[in-house]
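What follows is the residue order along each chain.
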Amino acid sequence: MTVLQIVLGAICVVLAVWLVVLIVLDRLPGDLLYGVLAVVEIGLVVQLVIGLVRISGDHGDLNVAAYVGYLVGSLLVLPAAFVWAAGERTRSGTAVLLVGVLAVTFLFLRLHQLWTYR
Amino acid sequence: MSELSTKHGLGRVLVFVYGLFAVAATARALVQLATDASTAPVAYVLSLFSGLVYIVATWALATDRRTVAIATILVELTGVLVIGTISHPSDLDHASVWSDYGNGYGFVPLVLPLVGLWWLWRLGRQGSSPAPT
């Protein structure tokens, strides 16, 4: 895994725990949590750039279509979750954010898997 | 009575998860069909079918079309059980979202239709009772 993926993955785990606590306490996320989500999203853009640089070099037997698909797809998850969660400002909306964060974490693992076993 | 819609409460989470799978399964199948359709055409077409099932389920849940939602989720449940049973866990290159009961996706494809059906059943009971609380 790249350092970026480890850092972003760790932030996602913290976010996930944080969201679970908010859901259990039935409280809504504040600006700080949205700020951290924005940081993760910026990190995903950086990841896309790094990924594109990687595949422009020697990338062995990598499934390029899947790799780029995951890189681009990961960018869409959090904004979609944010918009869909905003439609219902209850713990259900917060749970949508949690699903989004978990999905992004899953995508980190798949990207790592694709690159490692190329 | 917005509480009784399929897209509120747990339904809001369900629609999002179905949406994720709709995009993931469809995109995956299109990539598979576009890059090496000859390797396993049946598996890839099935993969595309699963994507379409998720798209219809997402739409039905998001617009409160319960009959369509129940029918689609039953197809989804049948799909994941049948494909899960006949697929070989080692056959990763030819896999679809439903292969090995959705093992590659944390078994979410297996759990999702059960949660969906339970949710629709619970809403149906609430809707038919004279004074829902």
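Preceding this paragraph is the structure being described.
None of these values were measured; they are calculated from a predicted model.

### Looking at the overall build of chain A
Next, step 1: Looking only at helices and strands, chain A features four helices and zero strands.
Next, step 2: Going from the N terminus to the C terminus, chain A shows its helices and strands as α-α-α-α.
Next, step 3: Expressed as lengths along the three principal axes of its C-alpha atoms, the size of chain A is roughly 50 × 25 × 20 Å.
Next, step 4: Residues counted as buried form 30% of the 118 residues belonging to chain A.

### A look at the interface of chain A and chain B
Next, step 1: The interface of chain A with chain B comprises 13 residues on the first partner and 11 residues on the second.
Next, step 2: Residue composition of the side of chain A that touches chain B, by class: eight nonpolar, four polar and one charged.

### Overview of the packing of helix α4 (residues 91-116) of chain A against helix α1 (residues 10-36) of chain B
Next, step 1: The N-to-C vectors of α4(A) and α1(B) enclose an angle of 25 degrees; their axes lie 8 Å apart at closest approach. Considered as vectors, α4(A) and α1(B) are oriented roughly parallel to each other. Here the hand of the crossing between α4(A) and α1(B) comes out right-handed. Contacts between α4(A) and α1(B) pair A:S92, A:G93, A:A95, A:V96, A:V99 and A:A103 from the former with B:L10, B:R12, B:V13, B:F16, B:V17 and B:L20 from the latter.

Basis of the calculations
- Residues numbered from 1 in each chain as written.
- Chains lettered and ligands numbered in written order.
- Predicted model: local features only at pLDDT ≥ 70, side-chain atom pairs only at ≥ 80, totals over all residues.
- Helix = DSSP H or I, 4+ residues; strand = E, 2+ residues; numbered from the N terminus.
- Buried ≥ 20, exposed ≤ 12 C-beta atoms within 10 Å, placed from the backbone.
- Contact = placed C-beta atoms within 7 Å.
- Nonpolar A, V, L, I, M, F, W, Y, C, P; charged D, E, K, R; others polar.
- Axes fitted to C-alpha atoms, helices over the stretch in contact; angles between N-to-C directions.
- Parallel < 35°, antiparallel > 145°, perpendicular 65-115°, else oblique.
- Left-handed = near helix turned anticlockwise from the far one by under 90°.

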